[in-house]
Amino acid sequence: MTLPLAALGLVFAAGAIVGSFLNVVIHRVPRGESIVTPRSRCPACGALVQPIDNIPVISWILLRGRCRDCREPISARYVVIEVLTAVTWTVFASWTAMTDNLAFLPLLLVLASAGIALGAIDLQHHRLPDVIVIPLYPVTAVGLAVAGFASGSFAIGSAVAGAAVWCLTIGLIWLVTRGRGMGLGDVKLAPVLGATLGWLSFGSALVGLVAAFVLGAVVGVGLLLAGRAGRRTAIAFGPFLLVGAALGVLFGSTLATAYLSLTGIR
């Protein structure tokens, strides 16, 4: 089935609103600040952000990317996060509808939202905060259980296998390189992503993991060739794990099946 345009529009709008909240998370969590209080202020002049200026995407465009009070530029990162979250929500909603996996959607939306916040924080601060990662364990367990009861199928073995492969691969790299090739936050995040992909299929888990390393290698080589990184430059790997996992969700089963067909392993 396919979702009607009206439903997709609502999902897009809801994703943009969540993206606006994620901007608060990205800014405050690394600083150890509350994500609830106080109200958001302009970092330049300290003026409170008015409700009219908190409309996702639209307010940034109307204000031309500047504070209403002091006219200081507002980082484009804010609108990028809002649009990225909205698009990601819409893509996952469409995918779950087309694959008859709508019961899987709540978990995907939570993981996608947390993943966008984690990716942005990792790029800026080179860490994946426990305060975001650790709660994903019970959230994932509940989300998979809901999907299982809704579908009548519990892929527990495949989920455990996916979690194990992701955790062992990332953990081994962290151990061998003594934390230089992979951060401990990556190790903690790996089982959540691996279990979610494994629930769909073990092939999805493998495709997602391989995609993460391929993306990391391509970007790393690109940065080296462009002179923007050296051999000892630390590169955040969390975003690659998250993008790889997203690709595993959307294309993992199809690619794994196609590979097995080509090699004659069936």
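Note that the coordinates shown come from a computational prediction; the quantities given were computed from them, not determined experimentally.

Calculation notes
Residues numbered from 1 in each chain as written. Predicted model: local features only at pLDDT ≥ 70, side-chain atom pairs only at ≥ 80, totals over all residues. Heavy atoms only, no water. Helix = DSSP H or I, 4+ residues; strand = E, 2+ residues; numbered from the N terminus. Rg over C-alpha atoms; globule rule 2.2 N^0.38 Å. Buried < 20%, exposed > 50% of the residue type's maximum accessible area, 1.4 Å probe, protein only. Contact = heavy atoms within 4.5 Å. Areas by Shrake-Rupley, 256 points an atom, 1.4 Å probe, with all protein chains shown as cover. 1 Å grid on protein atoms, 1.4 Å probe; cavity = no way out; pocket = protein on both sides within 12 Å on 5 of 7 lines; lining within 4 Å. Points joined across faces, edges and corners; volume = space filled by probe spheres on them. Nonpolar A, V, L, I, M, F, W, Y, C, P; charged D, E, K, R; others polar. pLDDT = per-residue confidence, 0-100. Lys, Arg positive; Asp, Glu negative; His and termini not counted. Salt bridge = Lys/Arg side-chain N within 4 Å of Asp/Glu carboxyl O. Polar contact = N/O pair within 3.5 Å; in protein donor to acceptor, adjacent residues only side chain to side chain. Core = buried A, V, L, I, M, F, W, Y, C linked by side-chain atoms within 4.5 Å. Axes fitted to C-alpha atoms, helices over the stretch in contact; angles between N-to-C directions. Parallel < 35°, antiparallel > 145°, perpendicular 65-115°, else oblique. Phe/Tyr/Trp six-rings, centres within 6.5 Å; stacked < 30°, edge-to-face > 60°. Lys NZ or Arg CZ within 6 Å of the ring centre and 35° of its normal.

1. Topic: the overall build of the chain
Here is step 1: For the chain, the count of helices and strands is 10 helices and zero strands.
Here is step 2: Going from N to C terminus, the chain has its helices and strands arranged as α-α-α-α-α-α-α-α-α-α.
Here is step 3: Computed over C-alpha atoms, the radius of gyration of the chain comes to 20 Å, within 12% of the 18 Å expected from 2.2 N^0.38 for 266 residues, which places it in the range of a compact globule.
Here is step 4: Residue burial in the chain is summarised as follows: out of 266 residues, 41% are buried.
Here is step 5: In the chain, the share of contacts with a sequence separation of at least 24, taken over all contacts with a separation of at least 6, comes to 70%.
Here is step 6: When the accessible surface of the chain is summed, it comes to about 14,400 Å², and 70% of that surface belongs to carbon and sulfur atoms.

2. A few points about the layout of surface pockets
Here is step 1: Taken as a whole, the largest pocket encloses approximately 980 Å³ of empty space.
Here is step 2: Lining the largest pocket we find 40 residues, and of these Ser40, Arg41, Val49, Asn54 and Tyr78 sit closest to its centre.
Here is step 3: Of all the secondary-structure elements, those providing two or more residues to the lining of the largest pocket are helix 1 (5-28), helix 2 (58-62) and helix 3 (77-98).
Here is step 4: In terms of residue count, the dominant contributor to the lining of the largest pocket is helix 1 (five residues).
Here is step 5: Its residues placed into classes, the lining of the largest pocket shows 21 nonpolar, 10 polar and nine charged.
Here is step 6: In this model, the second largest pocket occupies a volume close to 790 Å³.
Here is step 7: Counting only elements with at least two residues in the lining of the second largest pocket, the list comes to helix 3, helix 4 (105-125), helix 8 (184-200) and helix 10 (238-263).

3. Considerations on the environment of Arg77
Here is step 1: Position of Arg77 relative to the elements: it lies in helix 3.
Here is step 2: As for Arg77 and Asn23, which are separated by 54 residues in sequence, their C-alpha atoms are 8.4 Å apart.
Here is step 3: Once residues within four sequence positions are removed from consideration, Arg77 is found in contact with Asn23, Ile26, His27 and Gln124.

4. A look at the confidence of the model for the chain
Here is step 1: Summing up the model confidence of the chain, the mean pLDDT is 91 and the portion of residues at 70 or higher is 98%.
Here is step 2: The secondary-structure element of the chain with the lowest mean pLDDT is helix 10, recorded at 88, while helix 5 (residues 130-133) shows the highest, at 97.

5. Thoughts on the side chain of Asp186
Here is step 1: Here Asp186 lies in helix 8.
Here is step 2: Buried and without a salt bridge, Asp186 has Lys188 as its closest oppositely charged side chain, separated by 11 Å.
Here is step 3: Only 3.5 Å separates the side chain of Asp186 from the backbone nitrogen of Gly238, close enough to count as a polar contact.
Here is step 4: Setting aside residues no more than four positions away along its own chain, Asp186 makes contact with Asp122, Leu128, Ile170, Phe237, Gly238 and Leu241.

6. Comments concerning the pattern of salt bridges
Here is step 1: In the structure shown here, the tally under the stated rule is two salt bridges.
Here is step 2: Between Arg68 and Asp53 there is a salt bridge, and its shortest N-O distance comes to 2.7 Å. Of this pair, Arg68 sits in the loop between helix 2 and helix 3 while Asp53 sits in the loop between helix 1 and helix 2, placing them 15 residues apart in sequence.
Here is step 3: Residue Asp53 is classed as buried on the basis of its relative accessible area of 15%.
Here is step 4: Between Lys188 and Asp130 there is a salt bridge, with the nearest N and O atoms lying 2.9 Å from each other. Here the residue Lys188 occupies a position in helix 8, and Asp130 occupies one in helix 5, the gap between them amounting to 58 residues.

7. Re the nonpolar core
Here is step 1: By size, the foremost hydrophobic cluster in this structure holds 49 residues, and its most contacted members are Leu118, Trp166 and Leu189.
Here is step 2: Counting residues per element, this core draws most heavily on helix 4, which supplies 12 residues.
Here is step 3: If near-sequence neighbours (up to four positions away) are discounted, Leu189 is found in contact with Leu118, Leu128, Val133, Leu136 and Leu242.

8. Focus on the packing of helix 6 (residues 136-151) against helix 8
The relative placement of two packed helices is expressed as an angle between their axes plus a distance between the axes.
Here is step 1: Close contact between helix 6 and helix 8 brings their axes to 10 Å; oriented N to C, the two are set at 5°. The angle between helix 6 and helix 8 places the two elements in the roughly parallel class. On helix 8, the residues that touch Leu136, Tyr137, Thr140, Leu144, Ala147 and Gly148 of helix 6 are Lys188, Leu189, Pro191, Val192, Ala195, Thr196 and Trp199.
Here is step 2: Among the residues making up the contact of helix 6 with helix 8, the classes are represented as nine nonpolar, three polar and one charged.

9. Some thoughts on the packing of aromatic side chains
Two numbers describe a pair of aromatic rings. These are the distance of the centres and the angle of the planes.
Here is step 1: Within the structure shown, the criterion is met by four aromatic pairs.
Here is step 2: Ring geometry for Phe149 versus Phe154: centroids 5.1 Å apart, planes at 85°, classification edge-to-face.
Here is step 3: We classify Phe149 as exposed; its relative accessible area is 67%.
Here is step 4: Here the aromatic rings of Phe213 and Phe237 are separated by 5.2 Å at their centres, their planes lie at 45°, and the arrangement is tilted. Of this pair, Phe213 sits in helix 9 (residues 202-225) while Phe237 sits in the loop between helix 9 and helix 10, and the two are 24 residues apart along the sequence.
Here is step 5: Residue Phe213 is classed as partly exposed on the basis of its relative accessible area, which comes to 29%.
Here is step 6: Judged by its relative accessible area of 12%, Phe237 falls in the buried class.
Here is step 7: Through a chain of ring-to-ring contacts, the aromatic side chains of Phe149, Phe154 and Trp199 assemble into a single cluster.
Here is step 8: Seen from the ring of Tyr78, Arg77 lies directly overhead, with NZ or CZ sitting 4.7 Å from the centre.

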